[in-house]
Amino acid sequence: MAQNKKDGRPVCPGTRTKRAIKLVRTIAVVMLSGAGLYVALLAFAPLLVSTSAVRSAMERSLSAWTGEQASIGGTPQVRFWPEPRITLPNVTIVKPSASGDQVLGRIERLTASFGVIAALRGEPAFSDFEFVRPVISVTRDRDHHIVWTGGGLLGQAVARARADTQAKPASEETLDTEIGNVTVEDGTVEFTDVSSGQTVTIDAISGEIKWANLSARFEGKVTASVAGRALTIDLSAAKPLVLFAGKDTAISLTLRAPGFGASFDGPANLYAGQLLSGSLRLDIPDMAAFLTWGGWKQGPFVNVKRASVRAEVQTLGDSMRLDKFAATSDDSSASGVLDLMMPSGKRPKIGGTLAFDDIDLGALIDTFSALPPGFEKTPGLLPQWLDFDVTLSAATASLEPFKLEQMAASIVTSGTRRQVNIIDSRLEGGAFTAQLVDTGGPDGDQLQLSASDVDLAAIFERMPMQGPLPRGRGSLDLSLNFNKPMAVAGLDDVDGTLRFTASSGTLKPFNLDAVLARAASERFFRLSDTGTGSLDYDKIELVATLADGAARIDKGLLESSGSTLTLSGIVPYADNGLALMAQWTADPAKSQGASAQTTLFVGGSWPDPILSPMSR
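For every chain, the first residue of its written sequence is number 1, and the numbers climb from 1 along that sequence. The model is predicted, so local features are restricted to residues of pLDDT at least 70 and side-chain atom pairs to those at 80 or more, both for listing and for counting; the totals for chains, interfaces and linings are taken over all residues. With hydrogens and water stripped out, all remaining heavy atoms of the structure feed into the side-chain values.

Colleague: Sorry, what's going on with the nonpolar core here?
Modeller: Across soluble globular proteins, you tend to see nonpolar side chains buried next to one another. To form a nonpolar core, buried Ala, Val, Leu, Ile, Met, Phe, Trp, Tyr and Cys residues must be joined to one another through side-chain atoms within 4.5 Å. Burial here depends on accessible area, computed with a 1.4 Å probe over protein chains only, as a share of the maximum for the residue type. Under 20% is buried, over 50% is exposed, and the range in between is partly exposed. In this structure, Met-58, Phe-126 and Met-407 are the most contacted members of the largest nonpolar core, which totals 111 residues. Note on contacts: a residue pair is in contact if any heavy atoms of the two residues lie within 4.5 Å. Once you skip the residues sitting within four places of it in the chain, Met-58 turns out to touch Ile-72, Ile-86, Leu-88, Leu-110, Ala-112, Phe-126 and Phe-129. Leu-231, Phe-260, Met-287 and Val-304 belong to the second largest nonpolar core, which has ten residues in total.

Structural data, given as structure tokens:
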């Protein structure tokens, strides 16, 4: 049996139980009395609380919050169960000025909770607001500060967070001002940027904000429509006043749209449009839906189904680095480092290096292509106000109909001028380099390419070419100038030079004996009439000048075991025609008394020209 601590006498267990029961009864009576008093208070509140007094208090509260003049245009409604709430129609917030009142906001219906006891004292405090169809006008000044409220509670708190010596500091009571939950239904914000002169309207805003008081954590999730495009925004900040003051602070931001998602965690300055340091994620699980949402043409992304980007952001001054950059597109991936430079008074520029496992180089070139006004085809997707200087490498690169290996390339753009360089690559066992210069103007583009010691059989298998073609190893140097953008240029719009050389190989299908036999007996015949066969050669050299839709053969030579075949004339490639002189000179030691020289006119069209002997 337990003893009493004071006198040491034994305490009966029944006594302890009675005391516990008595304590429980006391607590129950207090709670029931309090609940009864609260219910009674709510029951008599309509008789004790003046609706007009609550309305006037709300007007004063809105004016105190905004620092501007608030007015209520309709008859308020007050209910007290299950909690006291007031609903106010047609709320207007006006900024008086000498030139006339400026309407900062209109709210079709505003509902808020208030305390009954404080209302009985004539000083109701409001929280948990609900805004129905509010329309707010917001301006950002040249210093990236939001100009909406002046000396109100919110403005004072923001000014204090900004540590502006010209602003009056907010009191601790201001920072503890209760807000609670804020619900918005079908709202509109008209955002005007003084620096750019642009106005953006965000409408169909609906969502909820959790903000216990001004110094507490801010969490908001809203859906909205930007230029008719649906968007969901999640934003949280431990120091929201610092964020609204245009200073650096840690945030968590998520954006979601059809086929698109993005998130950032780390310090940021939203007014300056800077993500300072942290993790950035972009996910496009449905590229077609995303491009449709954005109103963009699919262009080079027509075959891309999904894409994603991961990076660590580091911002210093006017430069933002995307470190540990990793991107995927369907089954292809890239990694590296990118820098976004935004120098004052100049175009922003993206630079860096990227390594791909596989890349569609043709689609990439299309992305960077530009067309001047007046041409009907779709311009490139990338804006001309953004410059690029990016170095690329890829294990494999598609340049239809070819596949490059071990490619190193660079993309350099400046305004409308865009240059793509294939610095080094492997093509069908040989080397390949190229340079494309897109001037972005009516003067046209330039293309230079060089293929060295490539497998000609593999090259021609990938190209839709017919007729006698060399099989072996060869090299090509091509330099072209276009008198209009290459994307819209025709065969008549190009001029330049071509040089092709080949070492020992085989020309097929080509039956030399049948050609010479028919040339000795017929006035003209088709090449297809000579059947199939092949001709081994030791060397091929072809030099041509391209202009006005035709190639002029400056030098055409094939050497085969002491015999030679020379070509001269023109090839009007615009209509696939031929106008050539071919002369076969046989090795005298092997002619066996036959004519050592045969001259043929080659006309008609490729790949089945008409041959006519000019001498026998």
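From this point, the discussion proceeds with the structure in view.
Colleague: Quick question: what am I supposed to make of the side chain of Ser-127 here?
Modeller: A run of H or I in DSSP counts as a helix once it spans at least four residues, and a run of E counts as a strand once it spans at least two, with each numbered from the N terminus. If you trace the backbone, Ser-127 turns up in strand β5 (residues 126-140). If we skip the residues at most four places from it in the chain, Ser-127 touches Ala-112, Ser-113, Glu-178 and Ile-179.

Colleague: It is not clear to me how the pairing of strand β20 (residues 402-414) should be interpreted in this structure. Could you clarify?
Modeller: For strand β19 (residues 387-399) and β20, the ladder comprises eleven bridges, and the chain directions are antiparallel. Looking across to β20, one finds that Thr-391 is bridged to Ser-410. When DSSP finds at least two bridges between two strands, those strands are taken to pair. Adjacent in sequence and paired antiparallel, β19 and β20 are bridged by two residues. Where β20 hands over to strand β21 (residues 417-427), the hairpin turn is made up of two residues, of which Gly-415 adopts a positive phi near 65°.

Colleague: Please explain helix α7 (residues 287-294) as it appears in this structure.
Modeller: Side chains three or four residues apart in an α-helix point the same way, a direct result of the helix having 3.6 residues per turn. Within α7 the residues assigned to the buried category are Met-287, Phe-290, Leu-291 and Gly-294. Relative to the axis of α7, the buried residues are bounded by an arc of 95° and lie together on one face. Turning to α7, the residues buried within the fold contact β10 (229-237), β12 (260-269), β14 (277-284) and β15 (307-316). Polar contacts here mean pairs of N or O atoms no more than 3.5 Å apart (in protein, one a potential hydrogen donor and the other a potential acceptor; neighbouring residues in sequence count only if both atoms are side-chain atoms). Of the residues flanking the start of α7, the one acting as N-cap is Asp-286, its side-chain oxygen 3.4 Å from the backbone nitrogen of Ala-288. Of the residues one or two after α7, Gly-295 is the one with positive phi, at around 75°. The reported arc concerns the directions from the helix axis to the C-beta atoms and nothing else.

Colleague: Help me understand the packing of aromatic side chains, please; the structure alone is not making it clear to me.
Modeller: Note on aromatic pairs: each is described by the distance of the centres and the angle between the planes. Centres within 6.5 Å make a pair out of two Phe, Tyr or Trp rings, where for Trp the six-membered ring is used; the pair is then stacked when the planes are under 30 degrees apart, edge-to-face when over 60, and tilted otherwise. Following the criterion strictly, the structure yields six aromatic pairs and no others. Ring geometry for Phe-218 and Phe-244: centres 5.7 Å apart, planes at 90°, overall edge-to-face. Placement of Phe-218 in strand β9 (residues 218-226) and of Phe-244 in helix α6 (residues 240-244) is noted, with a sequence separation of 26 residues between them. Assessed through its relative accessible area of 9%, Phe-218 is described here as buried. Measuring from centroid to centroid gives 4.9 Å for Phe-260 and Phe-290, while their planes differ by 20°, and the two rings are stacked. With Phe-260 in strand β12 and Phe-290 in helix α7, this residue pair connects regions lying 30 residues apart in the sequence. Assigned by exposure class, Phe-260 and Phe-290 land together as buried. An aromatic cluster is built from Trp-211, Phe-218 and Phe-244, whose rings are joined through pairwise contacts.

The quantities given are spatial measurements derived from coordinates; they are silent on function.
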